[in-house]
Amino acid sequence: MLTVRVVLVGGVSSSPPPRSSSTKTTSNSSNSSNKVLISTLAFSSSSSSASSPEKLQCPQFKYSRASPSVRWPHLNLREDPSENQMDSPPSRPANEDNNTQTSPTGALLETNGVEGSAPNLGNDQQVLDEASIQGMGRLAKKHSRLVLKRTKGWRQRVLRLSNAICNLQPNQFVADVLDNWIEQLAPTDYCLVVKQVGQTHWQRALEICEWLKLRHWYTPNARMLTAMLAVLGRANQAALAEEIFQRAESTIGNCVHVYNAMMGVYARHGDREKVEELLQLMRSRGCKPDLVTFNILINSRTKASHMENGAAIRLLSEVRKAGLRPDAITYNTLITACAASSNSAEAADVFRDMERFGCEPDLWTYNAMISVYGRSGMDEEAEKLFCTLQARGFLPDVVTYNALLYSFAKNGKVEKFDKVHRKMTSAGFRTDEITYNTMIHMYGKQGMHEEAFLLHKEMKESGCSPDAVTFTILIDFLGKAGLIAEAVKVFSEMSEAQVRPTLRTFSALICAYAKAGMLKEAEETYDWMVRTGIKSDCLAYSVILDVLLKANKLKKATVLCQNMVQEGIRPDLSLYESMLQVFVREDMKEDVKKLIADMEVYGLDPSTICSILVKAGCNGQAAEVLKSAAARGYSPDHETLFAIFSAYRSSTRYAKAHSFVNFLSEVRMESIAVMCEALIIMLAESKQVEAAMEEFKTLRVCYPMVGSSVYEALILACEQAELLAETSQLYSDLQFYGVEPTFNCYRSAAMVYCKMGFPETAEYLIGCIFKNGATLQDFSIHVALIEAYAKQKMWQRAESVFGQLRFLNLPLDGKVWNALIYAYAESGCYEQARAAFDEMLRFGLSPTAETINGLMQAFINAERLDHLQDLVEEMQQMGFRISKSTVLLMLNSFAEVGNVSEVKRIYHDMKAAGYLPNMQLYRKLIDLLSKRGCVRDIELIVKEMKAAGFKLDVSIYNSMLSLYMDTGNSTKVFELYQGMQAAGLAPDNNTYSILFAMYSRHLRTEEAFTILREMKRFGYGPTLNSYKELLSTCGRLQLWEETENLFKEMEMSSCKLDRSAYHIMIKAYRRAGEYKKAENLLAEMKNSGIEPTLATMHMLMDSYGKGEEPERAEKVFRNLRDAGLNLGTAQYTSVVDAYLKTGDYAMGIKKLMKMKEDGFEPDYRTWTCVIGSASICQNTSEALDLLNALREMGFPLPVRLLTESSEKLISEVENVLEGLKVLEEEVAFGFVNVIENLLWAFERRATAAWIFEMAIQKEIYPRDVFRVEDKNWCADFQRLSAGAALVGLTLWMDHMQDASLQGIPESPKLVTLVTGSTIYSNAISVNKTLKAYLWEMGSPFLPSNTHSGSLVAKGHSLRMWLKDSPFCTDLELKDCSSLPDCNSMQIYKGSFMRAELVPAFRQIRESMGDVRPKKFSRLALMSSEKREKAIAADLEGRKKVTEKRKGYLQSKRRKR
């Protein structure tokens, strides 16, 4: 412990401590009695070192070039050896200690220098021995101050006293030396002694001042106070210096040197505010600042904050405004500050300013500038400056070389580094620690780790001890390389070498752990660093906070952040962002608010805070901060607005964006236009074109003059959205309001006019672009223009545009040539296209697939398709490969002319050549083949696609659905649709339309209406044809309510009804017998502007006939005849049919004869009408009368089928069917249906069977009307008549019986019989007919629970029934030997059933309702009396069972 007596200036002491017995009391007794000790302060070396900031322990370097002759050799200054020590010191920056210089790598280089005007009394000064001192003491005598000043031995006097004081023991006092010092010193000498002693012992220097303060002959002066303040400033004793200054300020007066010294203390301590306050105080007291004042001021400002752009030049201007001329120290301080801010441009500006105003740079200046360039990676500039300083006579020192080496190392220029390093060593400078550190850093940065460690080893072998910087560099590059184990090993080696880790060392190791994901180790390392007493800086805090946030240790991170704030360290923006992201993720709203408050306290402007909040996802908070700032008058910049708008856009919160703009417009009305423009641009860039246009229209109401950026954004957005008209209008508005179009506006407008088919306007706009000085960046606009002319078939204009481009001598690319060839191709100019193709080859351009396609298209459009193969072979001989797009072009061309065989040939040749199609080619090929009905080819192609891994898309499914629908294969259509749904593909409008039409054609109205509802839900709409198809189906199925509702929907839809739609509805009313509604619809048809035709009136007649109003039908007939219309067989048949439906067969025959008298021969309609009526006649005689009438009309076949042997009539039947097939498919179908009804009714069932089979052979009936295949037994009789269905059912049962007996084909688990739910015009239902027939036989068929109009039976039960049932013993259909007297069938409740079954059917149904087939069969076989008893017993049994069940349920409830 060093005990020092400190008496503050101007203080009063108490009693002194006891003196030693050896103390002299003679001549000095009075002096001793005057000694007053005011206070005793204890200063320990440990506390002193702890209070000073931690510094790197660096080796000492002598800065020998301190004299003016060395610093400015080109000035030829003469140096006086005797006065050398008094020369001015080197002009180091004011922020550097007098004994330190900063190296490029951040290490400190120790140098010897001088401060102010103090003499250098270092080791080069000869120390006088004790004898010489004593001799001088004997010769000493009292001299005046003037004499003492002029004495040449003042240096020796100062040195002797300084050494005597410095050699004192800790328990000795300075007063003892000074009281007994016999040599007289001037006050100036005492100032020098204070400076000299203060370099090593600031406490002793303070004792000297206090001893002088107590001398009556000593007057306090500013020079002594200045010296003492400088000593205390270097010792980091700011508080003590401030107290001394305040107490002595009134006695010293306004001395600029004292103020400068105190300002230097504050500047050294980093207290900029107090420096500024002292400057203001100094000016207020009339003390004019000098250059030293401004140097210190500059030093404090550059230390306190980051050097902004232009700040250095402004500080120089401030110095000049004060009437001072900046010196080398001023410039060096500013250059060093720019270097710390990595602002090389600003440093260069300062350096040029220095030369321009005649301030000679010294070696320190050159070293600083080389360091600046090196830090900025400008090694070439650093090298030029190195050559410049040599040219001006300066000799580079070790600092110069190290700075230049660092610049080369930073950019990885190893060769130049080695060259300069060799030059450095040849100049006599050894490779020191800084040089080694620079080399190791260079190799580590380049990933040359082995070379870096070899240098580390060489460094230790050469006697240079690795310092903290060395180990930090090694740990840093190892951590960045992910070599965490090696980095930890280096850290251990550092500890073994007893090198204390610095903050940067710990930070590098923490970063290494964090990068390796070792968060726990990183946290432990940080805790270790804190325990060692090292304080974190912003970087260290940022790293460890990032680690803690990743580890989700939010509490510790929050506490650490608060510590960081309390220590005055401002977190960087990325750290704020990371913390906010974690807080948002963990829903820590209060912590988010606190962090926002901290940012505001630190003075971050609202724009910066908003930017951080938006990046962290705190969009709402960002808006609130900006709203609050705007309310206080803050005007947000565009960047901030766009950041918030982008946040709203990404979260699709456009309403919030609108409300935000509205709020800002209320706060600052003058900024509303800018806000709205920003909103419009945001919406346009986010493809919200409609919203952007709405905002644009609103803005234009108040602010017609809108900026060009808004027009540009809208025009680009509209162009991309293909809103051509809007783009054109925007461009017109832009010109109307006088807004200067940008390049993008011109370009987009030109492109849009090309797309709209106005190439002349587009060409004018392109000319405007280049008149305004724009350069041709690409040819896309001209290509679009040529293609626009091509579409207009204006190939001459396209050729002119091409010629203009060639006139510019620009190298045209292939796209321009392709566009020209395309222009020729569109007009069919093959010769010109071929000439352009050949010229393109001469220019060395390689044709692309588009080029070949254009040439082929020209060949095709020139109507040379037959010779297309020759052109293909020629292209192949020239070495050009035929691409997939070319093949597709060829396929399209041949498909358009219907040459499917050529399409198939090209496809197969392509596959044989190993040229696999792509999805687009498959899609196009299937579409073409589907239109031609090539089912087999398409199925093979689909199989190939699946084998190649392709998945069918919606368009392919649509093509196949359309194909199978056209071919009538409904089963395949439904299978494909199910497969499409299983593949997860969503149907489009085409899919729905195909299914809609298919369901309508196959009378599946429920599914059709379901599809219709789905189409509406997805925004699709059926076409008029689809509506009409479903309307017709509903009419045929007698779904009268659905038919009327659908027709009303058609009237309200956008589809305009045509005549056929009204005809379909009239037919529906005709079937329903609603002739009045038919009449009303006819009137409505006339009102809509559609005149009825003969077919319309014929349908009206039919409706009257269905309504059993033959007189009204005949009246319409007469009206038509009287109107002079050309009536035909159809109209006569309608009248005949009307009478026959009422049972007035005589009148029907009469009208039939009248038709013959009028010269009209009966046709298939007449035949069908008469045969259908005959099939339901009760008496055979009536049926024969009708058929004989047909015989007289020239068609004897029906009556002959009843009365003659059927074998003789096979050829006649075949001829009739062939003739009917030629007319229409439905004609033959309807004729066979009525014939089957007639033959089954009058028991000519064998004849009915062979006619049924003939209809299948002739494909009148579908071949799959029934099937008995392996696991596929099914039948579909829904379109057959009742008689035909009974024939088909019997034949199907016969086939199934054979399969059951033989065991093959195997039956499915469930056998389905589709009957449909149609009720024909004769009131007969196939479903009811077949149910009555099967129920009578006791079959296992039952109605389906899932599909109406279907019967199902279990396969096993059906097989057993076919084997064992007596009804199935003989299923052969036979003809009756003679016609029965009456019709064997009778219509009852829509069922065409056996006449004898009707009473039993009526009794069972009326008494018991629906019963199962076996019970029905058993009851039907009984006599009427037995049946009645059995029904009564059954009903009684049901009643008992019901009562018993009720009793059981009641007892169960009572128990509960």
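A. Quick peek at the overall build of the chain. Tallying secondary structure elements over the chain gives 75 helices and 11 strands in all. The 1456 residues of the chain split such that 48% are buried. Considering only residue pairs separated by 6 or more positions, the chain has 64% of its internal contacts joining residues 24 or more positions apart. Counting only carbon and sulfur atoms, one obtains 51% of the accessible surface of the chain, whose full area is about 70800 Å².

B. Just the pattern of salt bridges, in detail. On inspection of all chains with the given rule, the structure shows 39 salt bridges. With a closest N to O distance of 3.5 Å, R1405 and D1410 form a salt bridge. Close ionic contact of D1434 with K1415 constitutes a salt bridge, the shortest N to O distance being 3.1 Å. On the criterion of sequence distance, the pair formed by D1434 in helix α75 (residues 1424-1455) and K1415 in helix α74 (residues 1413-1421) is long-range, its members being 19 residues apart.

C. Representation of helix α22 (residues 433-445) within the structure. The end-to-end C-alpha distance of α22 is 18 Å, a good match for the 18 Å that 13 residues give at a rise of 1.5 Å each. Across the 13 residues that make up α22, a large majority, 11, are buried. Along α22, the residues classified as buried are E433, I434, T435, Y436, N437, T438, M439, I440, M442, Y443 and G444. Sitting at the head of α22, D432 places a side-chain oxygen 3.2 Å from the backbone nitrogen of I434.

D. Quick look at the environment of H1002. Within the element layout of this structure, H1002 appears in the loop between α54 (989-1001) and α55 (1005-1017). Through-space distance from the C-alpha of H1002 to that of Q1278 is 9.2 Å; in sequence the pair is 276 residues apart. When sequence neighbours within four positions are dropped, the list of residues in contact with H1002 reads G968, S970 and Q1278.

E. Layout of the pairing of strand β11 (residues 1391-1394). Here strand β10 (residues 1385-1388) pairs with β11 via 4 bridges, running antiparallel. Pairing of M1385 across the sheet is with R1394, part of β11. A loop of 2 residues connects β10 with β11, the two strands running antiparallel in sequence, and K1389 in this loop sits at a positive phi of about 50 degrees.

F. Structural context of helix α42 (residues 780-791). When the terminal C-alpha atoms of α42 are compared, their 17 Å separation across 12 residues agrees well with the 16 Å that a helix rising 1.5 Å per residue should span. Among the 12 residues in α42, 9 count as buried, and that is most of the element. The set of residues buried in α42 consists of I781, H782, V783, A784, L785, I786, A788, Y789 and A790. The secondary structure elements touched by the buried residues of α42 are α40 (743-756), α41 (759-771), α43 (795-807) and α44 (814-826).

G. Examining the packing of aromatic side chains more closely. Taken as a whole, this structure holds 32 aromatic pairs when the rule is applied. Each ring, one from F696 and one from Y711, has its centre 5.5 Å from the other, and the planes form 75 degrees; the classification is edge-to-face. Here F696, found in helix α37 (residues 689-702), pairs with Y711, found in helix α38 (residues 708-720); they are 15 residues apart in sequence, far enough to count as distant. Take F696 and Y711: they sit in the same class, and that class is buried. Between Y1132 and F1160, the ring centres sit 4.9 Å apart and the planes meet at 40 degrees, which makes this aromatic pair tilted. In this pair, Y1132 is assigned in helix α62 (residues 1129-1141) and F1160 in the loop between α63 (1145-1157) and α64 (1164-1175), connecting sequence segments 28 residues apart. For F1160, a relative accessible area of 24% corresponds to the partly exposed category. An aromatic cluster is built from F351, Y366 and F394, whose rings are joined through pairwise contacts. The ring of W1240 has R1245 lying over it, and the distance from NZ or CZ to the ring centre is 4.2 Å.

H. Looking closely at the sheet that holds strand β6 (residues 1272-1276). Here we have 5 strands laid out as an open sheet, ordered β5-β6-β7-β9-β8, and mixed in their pairing. Looking at the sheet topology across the chains shown, the edges are occupied by β5 (1266-1269) and β8 (1342-1343). Looking at chain direction, strand β7 (residues 1310-1314) and strand β9 (residues 1350-1354) are connected through 5 bridges and run antiparallel. Within the sheet, the bridge partner assigned to V1311 lies in β9 and is A1353.

I. Representation of the nonpolar core within the structure. Membership of the largest hydrophobic core comes to 239 residues, with the highest contact counts inside it found for I1171, F1252, Y1261, F1277, W1292, M1293 and L1313. Not counting the four nearest positions on each side in its chain, W1292 is found in contact with F1266, R1267, V1268, W1273, C1274, A1275, F1277, V1311, T1312, L1313 and F1341. V256, A261, A267 and F394 belong to the second-largest nonpolar core, a separate cluster that totals 160 residues.

J. Main features of a nonpolar patch on the surface. Taken together, the side chains of F807, L808 and L810 present a nonpolar region at the surface, about 330 Å² in accessible area. Mapped onto the elements, F807 comes out in helix α43. Taking the relative accessible area as the measure of exposure, F807 reaches 68% and is therefore exposed.

K. Examining the environment of R881 more closely. By the secondary structure assignment, R881 is in the loop between α47 (868-877) and α48 (884-896). Expressed as a C-alpha distance, the spacing of R881 and T848, which sit 33 residues apart in the sequence, is 9.3 Å.

L. Up close: the packing of α62 against α63. The N-to-C vectors of α62 and α63 enclose an angle of 165 degrees; their axes lie 7 Å apart at closest approach. One finds that α62 runs roughly antiparallel with respect to α63. Regarding α62 and α63, the two cross each other, and that crossing is right-handed. For the pair α62 and α63, contact is made by T1129, Y1132, V1135, V1136, Y1139 and L1140 and by Y1145, M1147, G1148, K1151, L1152 and M1155, respectively.

M. Main features of unusual backbone geometry. With an omega of -10 degrees, the peptide bond between I1304 and P1305 qualifies as cis. Mapping P1305 onto the fold places it in the loop between α70 (1282-1302) and β7. Phi is positive for Q498, close to 60 degrees, though the residue is something other than glycine. Mapped onto the elements of the fold, Q498 is located in the loop between α25 (484-496) and α26 (503-515). Taking relative accessible area as the criterion, Q498 reaches 75% and is therefore assigned exposed.

N. Representation of the pairing of β7 within the structure. Burial of the side chains of β7 is restricted to one face: V1311 and L1313 are buried, whereas none of L1310, T1312 and V1314 on the reverse face is. Note that β6 and β7 share 3 bridges and pair parallel. Counted as the bridge partner of D1276 is V1314 from β7. A crossover connection joins β6 to the parallel β7 through α70; in handedness this β-α-β unit is right-handed.

O. Quick look at the confidence of the model for the chain. For the chain, the average pLDDT comes to 77, and 81% of its residues sit at 70 or higher. With pLDDT under 50 throughout, residues 1-90 is counted as low confidence; its partners more than four residues away or in other chains account for 144 contacts. Contacts from residues 95-143, a stretch scored under 50 in pLDDT, to residues over four places away or in other chains number 106 contacts.

Parameters and conventions
Residues numbered from 1 in each chain as written. Predicted model: local features only at pLDDT ≥ 70, side-chain atom pairs only at ≥ 80, totals over all residues. Heavy atoms only, no water. Helix = DSSP H or I, 4+ residues; strand = E, 2+ residues; numbered from the N terminus. Buried < 20%, exposed > 50% of the residue type's maximum accessible area, 1.4 Å probe, protein only. Contact = heavy atoms within 4.5 Å. Areas by Shrake-Rupley, 256 points an atom, 1.4 Å probe, with all protein chains shown as cover. Salt bridge = Lys/Arg side-chain N within 4 Å of Asp/Glu carboxyl O. Expected span 1.5 Å × (residues − 1). Polar contact = N/O pair within 3.5 Å; in protein donor to acceptor, adjacent residues only side chain to side chain. Pairing = 2+ DSSP bridges. Phe/Tyr/Trp six-rings, centres within 6.5 Å; stacked < 30°, edge-to-face > 60°. Lys NZ or Arg CZ within 6 Å of the ring centre and 35° of its normal. Core = buried A, V, L, I, M, F, W, Y, C linked by side-chain atoms within 4.5 Å. Patch = residues over 30% accessible without salt bridge, like charges linked within 9 Å, V, L, I, M, F, W, Y side chains within 5 Å. Axes fitted to C-alpha atoms, helices over the stretch in contact; angles between N-to-C directions. Parallel < 35°, antiparallel > 145°, perpendicular 65-115°, else oblique. Left-handed = near helix turned anticlockwise from the far one by under 90°. Right-handed = clockwise from strand over helix to strand, strands pointing away. pLDDT = per-residue confidence, 0-100.

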